[in-house]
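# Topology and contacts: notes
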Amino acid sequence: MKQYFVTGTDTEVGKTYVTCQLLRATQAISKSSVGYKPIAAGCDKVNGEWVNEDALAIQQASSLKLPLSIINPISLVPPIAPHIAAAEAGVSLSEHTISQGLSQLQQYKPDVLLMEGAGGWRLPLSESTYLPDVVAKLNMEVILVVGMKLGCLNHALLTAEAITHDGFNIKGWVANDITGEMPRYKENLATLKHALPAPLLLEVPYQVAPNSQELISAVQQLC
Ligand SMILES: Nc1ncnc2c1ncn2[C@@H]1O[C@H](COP(=O)(O)OP(=O)(O)OP(=O)(O)O)[C@@H](O)[C@H]1O
Ligand SMILES: C[C@H](N)[C@H](N)CCCCCC(=O)O
Ligand SMILES: [Mg+2]
């Protein structure tokens, strides 16, 4: 089993979108996949139940069909920073819950397990802890999703620096075209290819499925 932590240059840069593409493509090469979204903030009421759309998308894209409560053990209603939502709800973002949830998923022995963070890399869990502190104990390499837009060079390079500084290996990065209208997209891509300390795993175009050969090649690198 291979497991990766999927982070991004910010919130709303396509971590879930890319995670789902990779989970589905893993099935296309006859491997099993499961996604894990330990902490989600932002729920909608569906049939009387609060549901987080990342968790739902990840559940649907995983080859192993598991209950949402396993895929997403901590679900907070308001779409705000999770530690603030947790404090308001009187719950804690506990390391135990996050790592126990992972252990539960590992028992299903997926070939590939992708754990999506929330927001960007340095996500606070409390006044003194951050999500990477927990991930550091889970033996995962990192996939960095870069939301391709003006300003992402700085965000990507700082994020990569922080990941490396925290002692993680970046397996690869994904260029996710979140607008379809980034000025000088190709030149920015070239700058990141040169400056990031990890290979480009995949390019995901705006509103179009990634090239299927490139997608297969990306998941083969993950398996
Ligand atoms: N390549 C793309 N083409 C078109 N739409 C995209 C693409 N990537 C992401 N999106 C859309 O952008 C929005 C944000 O993406 P997504 O929810 O995956 O971000 P995220 O990084 O997972 O955010 P969060 O921090 O909330 O988990 C979603 O509506 C998603 O469908
Ligand atoms: C609500 C949002 N879409 C995400 N689920 C949570 C983003 C947390 C960002 C925290 C921060 O870095 O400011
Ligand atoms: Mg997401």
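Residues numbered from 1 in each chain as written. Chains lettered and ligands numbered in written order. Predicted model: local features only at pLDDT ≥ 70, side-chain atom pairs only at ≥ 80, totals over all residues. Heavy atoms only, no water.

Under an unreviewed UniProt entry, the name given to the protein is ATP-dependent dethiobiotin synthetase BioD, and the source organism is Alteromonas australica. Reading the Subcellular location (unreviewed entry) entry of the UniProt record for the protein gives the comment "Cytoplasm". (UniProt positions renumbered as here; feature names shortened; annotations may be inferred.)

In this section: the UniProt feature "active site" (unreviewed entry) in the protein. As annotated by UniProt and renumbered to match this structure, "active site" (unreviewed entry) occupies K37. With respect to the helices and strands, the residue K37 is situated in the loop between strand 2 (33–36) and strand 3 (39–41). In this structure K37 comes out as buried when scored by relative accessible area, which is 4%. Ignoring sequence-local partners within four residues, the contact set of K37 consists of D54, I58, I71, N72, P73, E116, G117 and A118. (Helix = DSSP H or I, 4+ residues; strand = E, 2+ residues; numbered from the N terminus. Buried < 20%, exposed > 50% of the residue type's maximum accessible area, 1.4 Å probe, protein only. Contact = heavy atoms within 4.5 Å.)

In the region of ligand 1, 18 residues are neighbours, and T11, K15, T16, N176 and Q207 sit closest. In this structure, K15 approaches ligand 1 through a side-chain N or O atom, which is 2.7 Å from an oxygen atom. Counting atoms within 2 Å of the grid points, the majority share of ligand 1 lands in the largest pocket. The dominant element in the shell around ligand 1, judged by the number of residues it contributes, is helix 1 (residues 15–28), at 3 residues. (Near = heavy atom within 4 Å. Polar contact = N/O pair within 3.5 Å; in protein donor to acceptor, adjacent residues only side chain to side chain. 1 Å grid on protein atoms, 1.4 Å probe; cavity = no way out; pocket = protein on both sides within 12 Å on 5 of 7 lines; lining within 4 Å. Sits in = over half its atoms within 2 Å of the grid points.)

Our next topic: the side chain of D177. If you trace the backbone, D177 turns up in the loop between strand 9 (170–176) and helix 8 (185–195). Of the buried charged residues, D177 lacks a salt bridge, with K186 as the closest side chain of opposite charge at 11 Å. For D177, the side chain forms a polar contact with the main-chain nitrogen of T179, separated by 3.5 Å. Here the side chain of D177 touches G180 through a polar contact of 2.9 Å, landing on its backbone nitrogen. Leave out the neighbours within four places in its chain, and D177 touches M148, Y185, V204, P205 and Y206. (Lys, Arg positive; Asp, Glu negative; His and termini not counted. Salt bridge = Lys/Arg side-chain N within 4 Å of Asp/Glu carboxyl O.)

All right, on to the site of ligand 2 then. Lining the immediate environment of ligand 2, one finds T11, E12, A41, P79, I80, P82, G119 and L123. Within the side chain of T11, one N or O atom sits 3.4 Å away from a nitrogen atom of ligand 2. At 3.2 Å, a backbone N or O of A41 approaches a nitrogen atom of ligand 2. Starting from 390 Å² of accessible surface for ligand 2 in isolation, the protein chains cover 64%. At a threshold of 2 Å from the grid points, most atoms of ligand 2 map onto the largest pocket. For the shell around ligand 2, a count of residues per class yields 5 nonpolar, 2 polar and 1 charged. (Areas by Shrake-Rupley, 256 points an atom, 1.4 Å probe, with all protein chains shown as cover. Nonpolar A, V, L, I, M, F, W, Y, C, P; charged D, E, K, R; others polar.)

Before going further, it helps to examine the packing of aromatic side chains. Per the stated rule, a full pass over the model turns up 2 aromatic pairs. An angle of 70 degrees between the planes, with centres 5.8 Å apart, marks the rings of F5 and W121 as edge-to-face. Here F5 is found in strand 1 (residues 2–8), whereas its partner W121 is found in the loop between strand 7 (112–116) and helix 6 (131–135), with 116 residues between them in sequence. Take W121: its relative accessible area is 5%, and that puts it in the buried class. Measuring from centroid to centroid gives 5.0 Å for W121 and F168, while their planes differ by 85 degrees, and the two rings are edge-to-face. (Phe/Tyr/Trp six-rings, centres within 6.5 Å; stacked < 30°, edge-to-face > 60°.)

This part is about the layout of surface pockets. Remark: the empty space left among the atoms is shown by a probe the size of a water molecule rolled over them. Considered as a void within the structure, the largest pocket measures approximately 750 Å³ in volume. Taken together, 37 residues form the lining of the largest pocket, with T11, E12, K15, T16 and D54 sitting closest to its centre. Looking at the lining of the largest pocket, the elements with two or more residues in it are helix 1, strand 3, strand 4 (43–46), helix 2 (53–61) and helix 4 (82–89). In terms of residue class, the lining of the largest pocket is made up of 18 nonpolar, 10 polar and 9 charged. (Points joined across faces, edges and corners; volume = space filled by probe spheres on them.)

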